[in-house]
Amino acid sequence: MAAKSTAVYETVPLHREGLTPPPLAPASVPGHVACVMDGNGRWANSRGLPRTEGHRVGESTMMDVVAGAVEIGIKELSVYAFSTENWRRSPAEVRFLMGFTREVLRAQTDDLLAWGVRVNWVGREPRLWRSVLSELRRSERITAGNETLVLNMCLNYGGRAEIADAARALAADVEAGRITASSVNERTIQRYLYSPSMRDVDLLIRTGGEQRTSNFLMWESAYAELYFSDLPWPEFDRTRLWHAVEAYAHRERRFGGAVDVVTGAGTPHGPGVTA
Ligand code: IPE
Ligand code: IPE
Ligand code: MG
């Protein structure tokens, strides 16, 4: 058997059946996609397996989605790996998730490096295992020079915690006289978030059938297009990501604006009805 190649990839591994992304104008591809990778536990349990098996299979989905994101030209991908609320799970599942995340980072950083991906941890430090934090820092260091795709690993992340942490740091700077209260605006708040250079989320995908955002990137997703898939995360893959991106490309984003385009004689509430 041939030894595993250590050659640097020129590109990401292609889809196993040779499928390629749909042809889309670069301007229709979302710059920043966020994924709530949900449904692992239910997927495993419905197959007679413990929840942890769902997390294991979810690792390859994540790598396939990263490869698909690079292929279609997404510049930033945020994955929700562990929320500030996930500490409510059983100690055994929390322990598994911490240890497993550390293993995933250790095992996948070389591939991510070769694919041009820069790893960026997004989350808060309290409670996060030291060993996970140092693995995150290691991946960040190793991939720091990459520019093809930023992969935000959201771990021990909560949207409200992020805004509260930003407010605390900002209040401390006001107290210390480094900034005046009257100068605070949206841009100021952005500077105090975990990752100030993060783009606004364009497309937020949640797998697993639930239609909620569960405290993910609240500030950054204020104007994101939402896409819900009933597939559990272990069954999601890059082709499903591409479907979501195609759906996004057909959305009309107005950001509160409006254009007067008169197209017919209907009533304001529906098609024209003649008595
Ligand atoms: C998402 O899958 C992964 C994490 C929260 C770490 P779940 O573990 O929430 O799986 P379900 O939603 O219970 O099926
Ligand atoms: C959101 O999924 C968190 C992650 C995917 C890491 P959850 O399964 O924790 O969210 P809820 O409990 O359905 O809101
Ligand atoms: Mg869940």
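Just above, that's the structure.
Residues numbered from 1 in each chain as written. Chains lettered and ligands numbered in written order. Predicted model: local features only at pLDDT ≥ 70, side-chain atom pairs only at ≥ 80, totals over all residues. Heavy atoms only, no water.

Engineer: Help me out: how do you make sense of the pairing of strand β6 (residues 225-228) in this one?
Structural biologist: Sheet faces and side chains relate simply in a regular strand, where the side chains alternate between the two faces. In β6, alternate side chains face the same way, and those of E225 and Y227 are buried while those of L226 and F228 on the opposite face are not. Relative to β6, strand β5 (residues 203-206) runs parallel, the two sharing four bridges. Its bridge partner lying in β6, I205 is registered against Y227. (Buried < 20%, exposed > 50% of the residue type's maximum accessible area, 1.4 Å probe, protein only. Helix = DSSP H or I, 4+ residues; strand = E, 2+ residues; numbered from the N terminus. Pairing = 2+ DSSP bridges.)

Engineer: Looking at this structure, I do not really get helix α5 (residues 159-175). What am I missing?
Structural biologist: Residues spaced three or four apart along an α-helix face the same direction, because each turn holds 3.6 residues. Between its terminal C-alpha atoms α5 stretches 24 Å, which fits the 24 Å expected from 17 residues at 1.5 Å a residue. Elements that come into contact with the buried residues of α5 comprise β4 (149-157) and α6 (186-191). Positive backbone phi, approximately 80 degrees, marks G177, located one or two places after α5. (Expected span 1.5 Å × (residues − 1). Contact = heavy atoms within 4.5 Å.)

Engineer: Can you help me understand the sheet that holds strand β3 (residues 117-122) in this one?
Structural biologist: Across a sheet, paired strands are connected by hydrogen bonds in the backbone, their directions being either parallel or antiparallel. The parallel open sheet is built from six strands, whose spatial order is β3-β4-β2-β1-β5-β6. Each of the sheet's edge strands pairs with one partner strand only, and the pair in question is β3 and β6. Going from strand to strand, the sheet's axes swing by 20 degrees on average, the running direction of each strand aside. Pairing geometry for strand β2 (residues 76-83) and β4, over seven bridges, is parallel. When the sheet's bridge partners are listed, L77 is paired in β4 with L151. (Axes fitted to C-alpha atoms, helices over the stretch in contact; angles between N-to-C directions.)

Engineer: Hey, could you run me through the site of ligand 2 in this one?
Structural biologist: For ligand 2, the full set of nearby residues is V36, M37, D38, Y80, A81, F82, N86, R89, R206, R212 and S214. Here an oxygen atom of ligand 2 and a side-chain polar atom of N86 are 2.9 Å apart. Considered on its own, ligand 2 offers 390 Å² of accessible surface; in the complex 77% of this is hidden by protein. Most atoms of ligand 2, that is more than half of them, are within 2 Å of grid points of the largest pocket. With three residues, β2 is the single largest residue contributor to the shell around ligand 2. Of the residues assigned to the shell around ligand 2, the class counts are five nonpolar, two polar and four charged. (Near = heavy atom within 4 Å. Polar contact = N/O pair within 3.5 Å; in protein donor to acceptor, adjacent residues only side chain to side chain. Areas by Shrake-Rupley, 256 points an atom, 1.4 Å probe, with all protein chains shown as cover. 1 Å grid on protein atoms, 1.4 Å probe; cavity = no way out; pocket = protein on both sides within 12 Å on 5 of 7 lines; lining within 4 Å. Sits in = over half its atoms within 2 Å of the grid points. Nonpolar A, V, L, I, M, F, W, Y, C, P; charged D, E, K, R; others polar.)

Engineer: Explanation requested: the packing of helix α3 (residues 91-114) against helix α4 (residues 130-142) in the structure shown.
Structural biologist: Running from N to C, α3 and α4 cross one another at 10 degrees; their axes reach a closest spacing of 9 Å. Judged by the angle between their axes, α3 and α4 are roughly parallel. Listed contacts from α4 to M98, T101, R102, L105, R106, T109 and L113 of α3 are S131, V132, E135, L136, R138, S139 and I142. A class-by-class count of the residues in the contact of α3 with α4 yields six nonpolar, four polar and four charged. (Parallel < 35°, antiparallel > 145°, perpendicular 65-115°, else oblique.)

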